[in-house]
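The lines below spell out each chain.
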Amino acid sequence: MNTRTALIGGALVVVAVVLFVVLGGGEDSSNNDTTTSGNAVENEAKGSGGNGKKPETTAKQQVPTIVVRNGEPVGGVQTLEFSAGEEIRFRVSSDEAEEIHVHGYDIAKEVPAGGSVDFDFPAELEGIYEAELEGLGVQIAELRINP
Amino acid sequence: MSWLPLAHALASRQDLPVPAWLFAWGASIVLIVSFFALSAGWRTPRFEQPHPRPFGAGLSRALLGLPAQILCGCIGVFLFGLAIYAGLQGTVAPDRNFALTFLFVTCWLGFAFFSAIFGDLFRPFNPWRAVGRAVGAGFGAIAGQRPAHVTYPEWLGRWPAAVGLLAFVWLEVVYGSGGAILDPQVAATAALVYSAYALAMMALFGVEEWCDRGEVFSVYFGMFGQLGIFGTRDGRLERRRPFSAATTWATVPGSAALVLASIATTSYDGASEGAFADAIEKVIGWVEGIGFGITASIRITDTIFLLITFAGVSLVYWLGVRGMRTVPGAPSLQKLRVGFAHTLIPIALAYLVAHYFSLFVFQEQAQFTYLLSDPLGTGTTDLFGTASAGVDYTVLTANAIWYVQVGALIVGHVLGLMLAHDRALVYWPNYRKATASQYWMLAVMVAFTCFGLYLLSVSNS
């Protein structure tokens, strides 16, 4: 009885940990996939995600754009991923005039009604930061800066 | 729809999820450490005796005497009053108002973290205790007798504190997530309501009685203080063996509920944006379908998930206790449930560190710069010349945060195993049976630690 319960306990532990490792690993990578591919953002040319200098020149024309309509981001809060040290580039276009505020980096820019505004700054801070419509207090994007 | 729990509202920055490779390493280390612990455990209890080493009478008198008590009490009352004043009169912007950062970060996290190292630090600064004692002394001086109190019912134990903890976290993460963020005025009003309640209970049961059992913050910080190395006994300050004080802590009814509530509330706060986010979203839709408004639906759903988390965490512990009962020579279920509750305190602390360490480091910069110089967030006050300073987010890299998070969970796991092994040696004089009983607690600890790792690794929203 004694050793049997012990064995069962040990087996449970092993199963639990193996499950956690397998599931956890799977969960994480699949989540990453969805954030990069399942995005309504018009991403820069596929496969050239941020390594090397060449894409930077082409990316100039195709930066991700967040479209704001009626004070809401079209397609929900957008996730933009960057690596530390890269340039963070994105564009916000809005039907109404607003101030766009990137938290943490504390960068704010005005977007005119019916126009757009470009952000371009180095990714110095790691972590997840919000971009929001300052006046309405509505989050439009989440900037993920990976190390 | 955007989610804005407290950490969000204050810091406007979140931790990146722990990457898969680190998760795997963490879980593997937990597994290896656990099996090592099973084979290499000691054979006589080591933490059951505190082995106190008292400090000199002079030092004790200086640090614990009446002048020091009055000074600390005044500091506590002043700062608490300042927080309430800032909350009521200051800006509604949560991140620019002294109140929220002071109450929810500096005090809520700071007292827990530092008490776990140094022993209970909240007691001398407890504003309600200070006011209660002052009123009691005033009453004594006028009436010429000590105030009469109702005897605190033994069975009630720490239950009021456990329920209060759930209520506090509800206010912090559930009420605050309902579309509108928890604003400083709501927090200050809640603090005033709680103060009235705490003082009334102190008048009813006596100041020290209520602080030992029912006052949420005394009991909560006191729980972590049991791990710390300094304590007091008969007015003398003493150094004791780390973690040893915890071994006698859980004998009061409701203690297990309190430590489980602590693990559950931290888990919930971590999971509500990550692991549970999709499920919560779905249930909100159903609740809305019943006919509730959006804010009400969010709050109802969050409350349900908070309670489910509490039930789940409690179930894991209960299963472990049930398992231990099957080992021959086991004491009663009741005794086991109470006897191993303290072994979860390090786990609760590890959860707290893993989830809030970075918030604490970043937000304390705000606390000691612009929130101190401009507590009301008026933009025109600058008491200490630091009102225009900001938070430097480069002081911690993402890697540093990950290692601290995973490291905290592993250390908490090891400490929990140590305390559980120690307690098993008391209940089962036979070493083999003691070890056999610990397969069960091991499973409980592995479950909690891996759940903690899992919560960290799931990408938030």
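Here the structure is a predicted model, which is why all the values come from computation and not from measurement.

A.B. asks: Explain the packing of aromatic side chains to me, using residue names and the numbers behind them.
C.D. replies: Residue and element names in this part refer to chain B. Evaluation of the coordinates by the stated rule reveals 37 aromatic pairs over all chains. Aromatic side chains Y220 and F224 sit 5.1 Å apart centroid to centroid with 90 degrees between the ring planes, which places their arrangement in the edge-to-face category. Placement of both Y220 and F224 in helix α12 (residues 216-225) is noted, with a separation of four residues, approximately one turn of the helix. For F224, a relative accessible area of 0% translates into the label buried. If you follow R43 out to its NZ or CZ, it ends over the ring of Y431, 3.9 Å from the centre. Sitting over the ring of Y370, R96 keeps its end group 4.2 Å from the ring centre.

A.B. asks: Could you give an account of the pattern of salt bridges, with specific residues and numbers?
C.D. replies: Residues and elements named next belong to chain B. Under the counting rule described, the total for this entry stands at nine salt bridges over all chains. Salt-bridge contacts for R423 lead to E48; the nearest nitrogen and oxygen are separated by 3.1 Å. Residue R423 is found in helix α19 (residues 398-427), and its partner E48 is found in the loop between α2 (20-40) and β2 (53-54); the two are separated by 375 residues along the sequence. Note that E208 and R123 form a salt bridge whose closest N and O atoms lie 3.2 Å from each other. Residue E208 is found in helix α11 (residues 207-213), and its partner R123 is found in helix α7 (residues 122-125); the two are separated by 85 residues along the sequence. You can call R123 partly exposed: its relative accessible area is 36%. Counted as one network, the salt bridges with shared partners bring together R123, R129 and E208.

A.B. asks: Tell me about the sheet that holds strand β2 (residues 72-73) of chain A, and please be specific about residues and values.
C.D. replies: Residue and element names in this part refer to chain A. Taken together, four strands build an open sheet; the order of strands is β2-β1-β4-β7 and the sheet is mixed. One side of each edge strand has no neighbouring strand; the edge strands of this open sheet are β2 and β7 (116-122). The sheet contact formed by strand β1 (residues 65-69) and strand β4 (residues 87-94) spans four bridges and is parallel. Following the sheet pairing, V68 is matched in β4 by S94.

A.B. asks: Talk me through a nonpolar patch on the surface; I want residue IDs and the actual numbers.
C.D. replies: Residue and element names in this part refer to chain B. A contiguous nonpolar surface patch, about 470 Å² in accessible area, is contributed by W21, W25, I29 and Y403. Sorting elements by how many residues they give to the nonpolar patch places α2 first, with three residues. On the secondary structure map, I29 appears in helix α2.

A.B. asks: Got a sec to walk through unusual backbone geometry? Specific residues and values, please.
C.D. replies: Residues and elements named next belong to chain A. Of note in the backbone geometry, N70 takes a positive phi value of approximately 55 degrees without being a glycine. Mapped onto the elements of the fold, N70 is located in the loop between β1 and β2. Of note in the backbone geometry, D106 takes a positive phi value of approximately 55 degrees without being a glycine.

A.B. asks: Which residues make up the packing of helix α9 (residues 159-174) of chain B against helix α15 (residues 294-325) of chain B, and what values go with them?
C.D. replies: Residue and element names in this part refer to chain B. Viewed as axis vectors pointing N to C, α9 and α15 meet at an angle of 135 degrees, and their least axial separation amounts to 11 Å. Classified by the angle their axes make, α9 and α15 are oblique. Crossing angle aside, the handedness with which α9 passes α15 is right-handed. Residues L166, W170 and V174 of α9 lie in contact with α15, whose contacting residues are R299, D302, T303, L306 and F310. The residue inventory of the contact of α9 with α15, partitioned by class, reads five nonpolar, one polar and two charged.

A.B. asks: If you had to explain the nonpolar core to someone new, which residues and values would you point to?
C.D. replies: Of all hydrophobic cores here, the largest spans 167 residues; its most connected members are A:F90, B:F224, B:F340 and B:W428. Discounting residues that sit within four places of it in the chain, A:F90 has contacts with A:V63, A:P64, A:I66, A:L80, A:V102, A:V117, A:D118, A:F119, A:F121 and A:L143.

About the criteria used
- Residues numbered from 1 in each chain as written.
- Chains lettered and ligands numbered in written order.
- Predicted model: local features only at pLDDT ≥ 70, side-chain atom pairs only at ≥ 80, totals over all residues.
- Heavy atoms only, no water.
- Phe/Tyr/Trp six-rings, centres within 6.5 Å; stacked < 30°, edge-to-face > 60°.
- Helix = DSSP H or I, 4+ residues; strand = E, 2+ residues; numbered from the N terminus.
- Buried < 20%, exposed > 50% of the residue type's maximum accessible area, 1.4 Å probe, protein only.
- Lys NZ or Arg CZ within 6 Å of the ring centre and 35° of its normal.
- Salt bridge = Lys/Arg side-chain N within 4 Å of Asp/Glu carboxyl O.
- Pairing = 2+ DSSP bridges.
- Patch = residues over 30% accessible without salt bridge, like charges linked within 9 Å, V, L, I, M, F, W, Y side chains within 5 Å.
- Areas by Shrake-Rupley, 256 points an atom, 1.4 Å probe, with all protein chains shown as cover.
- Axes fitted to C-alpha atoms, helices over the stretch in contact; angles between N-to-C directions.
- Parallel < 35°, antiparallel > 145°, perpendicular 65-115°, else oblique.
- Left-handed = near helix turned anticlockwise from the far one by under 90°.
- Contact = heavy atoms within 4.5 Å.
- Nonpolar A, V, L, I, M, F, W, Y, C, P; charged D, E, K, R; others polar.
- Core = buried A, V, L, I, M, F, W, Y, C linked by side-chain atoms within 4.5 Å.

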